[in-house]
Amino acid sequence: MVTLKFGGTSMANARRILGSSEIIINRAKEDRVSVIVSAVAGVSNTLQSAIDATVSGISGSNYVTDLRNTHNEICRELQSKLPGFDAEKTMAVLEPNFVELEKLLAGLYSFGECPDTVHCRIMGMGEILLAPIMEAVLLAKKQSIMLMDSRKFVYTTGNQKEGEADYGRTAEACLPFRDGENKSQTRILLFQGFICSWIKTSGATPVMGLLGRNGSDFSAAIIGSCLGAKRVEFWTDVDGVYTADPRVVKDAVLVDDMTYEEAMELSFFGSKVLHPKTLAPLQAKGIEAWSLNSHNPSARGTRIGKGPFESRAKSSICGISSLKHVAMISVGGTLMRGRTGMASRIFSTVSAAKSSVLLITQSSSEYTISFCVKDSEADIVRDALSKNFELEIREQLIDEIEVHKNCAIISVVGDGMISNRGVASKFTNALSSQDINIIAIAQGSSERCISAVISGELADTAVKAVHQFFFHTAQTIEVFAFGAGTIGGTMIDQIYQQHDKLLKENVDIKVLAITTIDGMILNEDGIDLSNWREQMKNPMFAFNSDVNVNDIIKFVKEKKPLNPVFVDCTASYDLPDRYLDILNAGMSIATPNKRANSKNMEFYHQLRKTANKMHRRFLYETNVGAGLPIIDTLQNLYKSGDKLTSFNGIMSGSLSYIFGKLDEGVPFSKAVLEAKELRYTEPDPRDDLNGMDVARKGLIIARESGYNIELDDITMYKVFPDSFDASGTVEEFLAKLPQVDDYFAKKIADLKKQNKVLRMGATIKDGKVSVGMMEVGQDDPLYSVKGGENAFVFYTERYQPIPLTVRGYGAGAGVTAAGVFGDILRTVSFNPEGLD
Ligand code: ADP
Ligand code: MG
């Protein structure tokens, strides 16, 4: 005998039902089989909705019509696909159930509530409706089959809606159908899952009961065990048990073998793959359980058995699960300390309130006991505890009972944990990498499972992060590129080129959004970067900076990517006003845009505070010196206790070029013209010559060195003599410019006599920033800096008398884009070494 269970996913429509029937027939060729079917996918939910609606005074007839249509349609489709299947006849068999359902609902309508017995009769209808359809299919396929009524075989006690199996009585009922000498025994026994007979008290007449939500798995285990099956197969819509729910973790890994204990922990702590009570009866008899895919029957599936298994020799954990809709209840107070029997008093109260405890933690001082129950039971439990401890609470020996609703329990499970140290720290590291607050942590006494209680809405993020840490899947970076002009566009191309190489180093970088003035494209799985410029021609969203930012924020809040990075490659003055919103949404920011850091000091501090609070990064290495390592170097000096004493820098490619040319005797106006033609300057060279860009960079350097300073505090020395009128259009200005040639030529000649040259840049001295021309001697590092090169000269307490100098090209799309790319890569957190 082999037992096969088909869940709703294997019974969703006529095609699935036929597929499942083929699996049954193939198994029946080798052995006798007992088959447990659940309801058509969605039917149980419809039944529950019908009850809820009716009780609240809305007629349930529509639901009955719905159900009739669903089953009717399946029958008609089966008839068209399967010769010998008679739809009319099958529907006639089902019809009395719809009539009964109408009646039951009508009763509820006038009654206004749903007693347990009626609840069980209604909720069990889905299984009762599907079984005759499967029977008819197998009969049409000429199988030796018998439809059994599970209520005559499976007996329970305890809770009517969620009973405990009475194995004695069930085994007795099953006895005649166990494998025997009689070769003419029926090959296929067909049972309904979920439904059973419930015995209220010993000797009472059994009435219909249920095995709890998704209880068909449990049905299969009870029936398989009592019929003496050698194997129980659970057929669903995935290839087996994965290391995490494959709908949450896209790269979850299929587990070949798992021990009973592991599978039990996983299902107890929320993994949907098997009902939590399923494995105990199978383990008791050493019956192997298999999780198999009815949509892909040739896949091997996952075996659940006694172990140890060779396939699992190396890995210490086999899965991660999350249990949502959980509440944590805490009982504390001075009376808790050292008093024996408090725990037992608490837990007997919980159990009297018909709730079960999912997890317990106790602080080492014994001052507080915290435990989790289902959210839906939390109020009842709190009331029961408040009542039980009424006196103590009034006397303030016990604090008011605390309830923390909407939590989730995240668990990592694996036998290998026993021999592997470091699992707990890896687990907590993974959670803290996503800034997830751990409300409580507990390790099962078996050392097979560690669980953390966290806030419910973070459950999926937590599972993803923990999975990443334990299974070495690549760390992800999700880039939202705002602005894709020269710098942004080059950066996107660089990401595209480097993607595969980074993946080999376990970093999976994806661009999820690109925004330009043409509009925005957004793709949850990552934009195909091979032709992103093409795609920008038909953007999904029109351009509107604020709306696009809002859409990105909404997307991040909904989809919760693990490591979202907002990249501002615009020169926008307004976009930085949104940075706080962006950080608060849980994104990091990387940007070459200087605007944010040159706003007022208060905003400067706020940005950093918000980033810290959110455990995200605000990165702007390219604000100064493009790809040159300026900001990082300064921050490291500052953090390690060094102090800037003074600074000189040439921080503009155009000014470097123009003033370098003067050394060679080129007239000032000609040098400016050349620089403009080489596109070193802005379209209006006065935008460079007025020093404002240099001032912003100087401001940022001063701030990074620890000075509180505003843009207005900077002293600006003019380049032109007072007599020169620099106004007018660009053309007018350029036409007038030769008037200053003599002025500069004389300056240069005078300096030359002292072996000096003229340079333009920023200086910081005694915390004061000034921008203007500098007379530079031969031993100054700036003496030879020209031709567009930048140079940054830092004199610090440690770097003197010879300063720390960084020089190189401080502009250009390639180096700037690479600098931003570098910032993006700095957002991935350190992944501690694996344990194996
Ligand atoms: P059935 O109706 O056949 O019982 P369920 O929907 O109850 O099927 O269970 C199968 C689903 O369980 C899968 O589609 C999968 O999304 C989910 N699931 C959750 N955790 C896991 C896991 N660790 N491994 C495999 N599937 C899982
Ligand atoms: Mg299920």
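Visitor: Please clarify how the packing of aromatic side chains should be interpreted in this entry.
Guide: Each aromatic ring pair is characterised by the separation of its centres together with the angle its planes make. For the structure on display, the rule yields 20 aromatic pairs. Ring geometry for Phe-659 against Phe-668: centres 6.2 Å apart, planes inclined by 75°, an arrangement best described as edge-to-face. With a relative accessible area of 1%, Phe-668 lands in the buried category. Plain terms: the ring middles of Phe-668 and Phe-720 are 6.1 Å apart, the flat faces sit at 85° to each other, and that makes the pair edge-to-face. Of the two residues, Phe-668 is situated in helix α24 (residues 668-677) and Phe-720 in the loop between β26 (715-716) and α27 (730-736); the sequence distance between them amounts to 52 residues.

Visitor: Just to check I follow, could you spell out helix α28 (residues 741-753) for this structure?
Guide: Side chains of residues three or four places apart in an α-helix project in the same direction, reflecting 3.6 residues per turn. With 13 residues, α28 extends 19 Å between its outermost C-alpha atoms, agreeing within 8% with the 18 Å of an ideal straight helix rising 1.5 Å per residue. Those residues of α28 that fall on the buried side of the exposure criterion are Asp-741, Phe-744, Ile-748 and Leu-751. Buried residues of α28 fall within an arc of 100° about the axis and therefore sit on the same side. Summarising the geometry of α28, the exposed residues directed more than 90 degrees from the buried face are Asp-742, Lys-746 and Lys-753. At its buried positions, α28 is contacted by α23 (653-663), α24, β27 (756-765) and β28 (768-777). Just downstream of α28, Asn-755 is the residue with a positive phi angle, here 60°.

Visitor: Can you help me understand the pairing of strand β11 (residues 288-293) in this one?
Guide: Remember that side chains alternate between the two faces of the sheet whenever the strand is regular. Of all the six residues making up β11, five are buried; the element is thus mostly covered by neighbouring parts of the structure. Bridge analysis of strand β9 (residues 231-236) against β11 gives six bridges, and the strand direction is parallel. Looking at the pairing, Phe-234 lines up with Ser-291 of β11.

Visitor: Is there a simple way to think about the side chain of Asp-688 in this case?
Guide: For Asp-688, the location among the structural elements is in helix α25 (residues 686-689). One buried charged side chain, Asp-688, makes no salt bridge at all; its nearest oppositely charged neighbour is Lys-697, positioned 7.8 Å away. A distance of 3.1 Å separates polar atoms of two side chains, one belonging to Asp-688 and the other to Ser-654. Beyond its immediate chain neighbours, meaning those up to four positions away, Asp-688 contacts Ser-654, Leu-655, Thr-681 and Glu-682.

Visitor: Is there a simple way to explain the sheet that holds β28 in this structure?
Guide: As a general point, the strands of a sheet are linked pairwise by backbone hydrogen bonds and lie either parallel or antiparallel. Pairing is mixed across the open sheet formed by six strands, whose spatial order is β26-β28-β27-β25-β29-β30. Because the sheet does not close on itself, it has two edges, and the strands there are β26 and β30 (804-809). Pairing geometry for β27 and β28, over 10 bridges, is antiparallel. Following the sheet pairing, Thr-763 is matched in β28 by Ser-770.

Visitor: Just checking my understanding: could you explain the state of the cysteines for this structure?
Guide: Disulfide: a covalent bond formed between the sulfur atoms of two cysteine residues. One pass over the full model with this rule turns up zero disulfides. Unpaired in this structure, Cys-120 has its nearest cysteine sulfur neighbour in Cys-196, at a distance of 7.5 Å. Here Cys-120 falls in the buried class, since its relative accessible area comes to 0%. The exposure class assigned to Cys-196 is buried, which follows from its relative accessible area of 0%.

Visitor: How do you make sense of the site of ligand 1 when you look at a structure like this?
Guide: As a matter of local geometry, ligand 1 sits amid 18 residues, with Thr-9, Asp-237, Tyr-242, Arg-247 and Lys-272 nearest to it. Lys-5 has a polar side-chain atom sitting 3.1 Å from an oxygen atom of ligand 1. In this structure, a nitrogen atom belonging to ligand 1 sits 3.4 Å away from a side-chain N or O atom of Ser-271. Here ligand 1 loses 91% of its free accessible area of 570 Å² to cover by the protein chains. The residue makeup of the shell around ligand 1, split by class, is seven nonpolar, six polar and five charged.

Visitor: Help me understand the environment of Glu-73 in this model?
Guide: Along the polypeptide, Glu-73 turns up in helix α3 (residues 61-81). A relative accessible area of 56% places Glu-73 in the exposed class. Linking Glu-73 and Asn-13, residues 60 residues apart in sequence, is a C-alpha distance of 8.9 Å.

Visitor: Honestly, unusual backbone geometry in this entry has me stumped. Any pointers?
Guide: Only a minority of non-glycine residues have a phi that is not negative, and only a minority of peptide bonds are not trans. Backbone torsion omega between Gly-307 and Pro-308 reads -5°, so that peptide bond is classified as cis. Checked against the element boundaries, Pro-308 lands in the loop between β12 (302-305) and β13 (319-332). Across the junction of Gln-800 and Pro-801, the peptide omega takes the value 5°, indicating a cis bond. Here Pro-801 lies in the loop between β29 (789-796) and β30. Phi angles above zero are rare outside glycine, and His-325 is one such case at about 55°. Unusually for a residue other than glycine, Ala-626 sits at a positive phi of about 50°. Structurally, the position occupied by Ala-626 is in the loop between β24 (618-619) and α22 (631-639).

Visitor: Sorry, what's going on with the pattern of salt bridges here?
Guide: Oppositely charged side chains are able to pair whenever their charged atoms sit close together. Throughout the structure, instances matching the rule amount to 49 salt bridges. Residue Asp-179 is joined to Arg-32 by a salt bridge in which the shortest nitrogen-to-oxygen separation is 2.7 Å. One end of the pair, Asp-179, is in the loop between α7 (167-174) and β6 (188-192); the other, Arg-32, is in the loop between α1 (14-30) and β2 (33-37), and 147 residues separate them in sequence. On the basis of relative accessibility, which here comes to 6%, the residue Arg-32 falls in the buried class. Here Glu-95 ties to Arg-68 by a salt bridge, and the two come within 2.9 Å at their closest N and O atoms.

Visitor: I tried to follow the nonpolar core on my own but got confused; where do I start?
Guide: Across soluble globular proteins, nonpolar side chains show a tendency to be buried alongside one another. Core analysis: the largest hydrophobic core is formed by 76 residues, its most contacted members being Phe-480, Phe-566, Phe-659, Phe-668 and Ile-701. Broken down by element, the residue count for this core peaks at six residues, all from helix α26 (residues 692-704).

Visitor: Teacher, can you tell me more about the sheet that holds strand β5 (residues 163-165) here?
Guide: Across the sheet, four strands lie side by side as β5-β4-β7-β8; this open sheet has mixed pairing. For this open sheet the edge positions go to β5 and β8 (207-210), each flanked by a neighbour on one side alone. Strand-to-strand twist of the sheet, defined as the mean angle between neighbouring strand axes without regard to direction, takes the value 55°. Bridge count between strand β4 (residues 155-158) and β5: three bridges; the pairing is antiparallel. In the sheet register, Gly-158 faces β5, and the bridge partner there is Gly-163.

Visitor: Is there a simple way to explain the pairing of β9 in this structure?
Guide: Taking burial as the measure, the six residues of β9 include five buried ones, the bulk of the element. Looking at chain direction, strand β1 (residues 2-6) and β9 are connected through five bridges and run parallel. Looking at β9, one finds that Thr-3 is bridged to Val-232.

Visitor: Any chance you could explain the packing of helix α5 (residues 116-123) against helix α6 (residues 125-140) here in plain terms?
Guide: In a pair of packed helices, the angle between the axes and the distance between the axes together describe the arrangement. Running from amino to carboxyl end, α5 crosses α6 at an angle of 30°, the nearest separation of the two axes being 4 Å. Regarding the angle of α5 to α6, the classification is roughly parallel. Together, Arg-121, Ile-122 and Met-123 of α5 and Met-125, Gly-126 and Glu-127 of α6 make up the contact between the two elements. Partitioning the contact of α5 with α6 into residue classes produces three nonpolar, one polar and two charged.

Visitor: What exactly am I supposed to notice about the packing of α3 against helix α4 (residues 87-111) here?
Guide: Contact geometry of α3 with α4 gives a least axis separation of 10 Å together with a crossing angle of 170°. By the angle between their directions, the pair α3 and α4 is classed as roughly antiparallel. Where α3 approaches α4, its residues Ser-61, Val-64, Leu-67, Arg-68, His-71, Asn-72, Cys-75, Arg-76 and Gln-79 are matched on the opposing element by Ala-87, Glu-88, Thr-90, Met-91, Leu-94, Glu-95, Phe-98, Leu-101, Glu-102 and Leu-105. Considered class by class, the residues forming the contact of α3 with α4 number nine nonpolar, five polar and five charged.

Conventions and cut-offs
- Residues numbered from 1 in each chain as written.
- Chains lettered and ligands numbered in written order.
- Predicted model: local features only at pLDDT ≥ 70, side-chain atom pairs only at ≥ 80, totals over all residues.
- Heavy atoms only, no water.
- Phe/Tyr/Trp six-rings, centres within 6.5 Å; stacked < 30°, edge-to-face > 60°.
- Buried < 20%, exposed > 50% of the residue type's maximum accessible area, 1.4 Å probe, protein only.
- Helix = DSSP H or I, 4+ residues; strand = E, 2+ residues; numbered from the N terminus.
- Expected span 1.5 Å × (residues − 1).
- Arc of directions from axis to C-beta.
- Contact = heavy atoms within 4.5 Å.
- Pairing = 2+ DSSP bridges.
- Lys, Arg positive; Asp, Glu negative; His and termini not counted.
- Salt bridge = Lys/Arg side-chain N within 4 Å of Asp/Glu carboxyl O.
- Polar contact = N/O pair within 3.5 Å; in protein donor to acceptor, adjacent residues only side chain to side chain.
- Disulfide = S-S within 2.5 Å.
- Near = heavy atom within 4 Å.
- Areas by Shrake-Rupley, 256 points an atom, 1.4 Å probe, with all protein chains shown as cover.
- Nonpolar A, V, L, I, M, F, W, Y, C, P; charged D, E, K, R; others polar.
- Core = buried A, V, L, I, M, F, W, Y, C linked by side-chain atoms within 4.5 Å.
- Axes fitted to C-alpha atoms, helices over the stretch in contact; angles between N-to-C directions.
- Parallel < 35°, antiparallel > 145°, perpendicular 65-115°, else oblique.

Shape descriptors only; they carry no functional weight alone.
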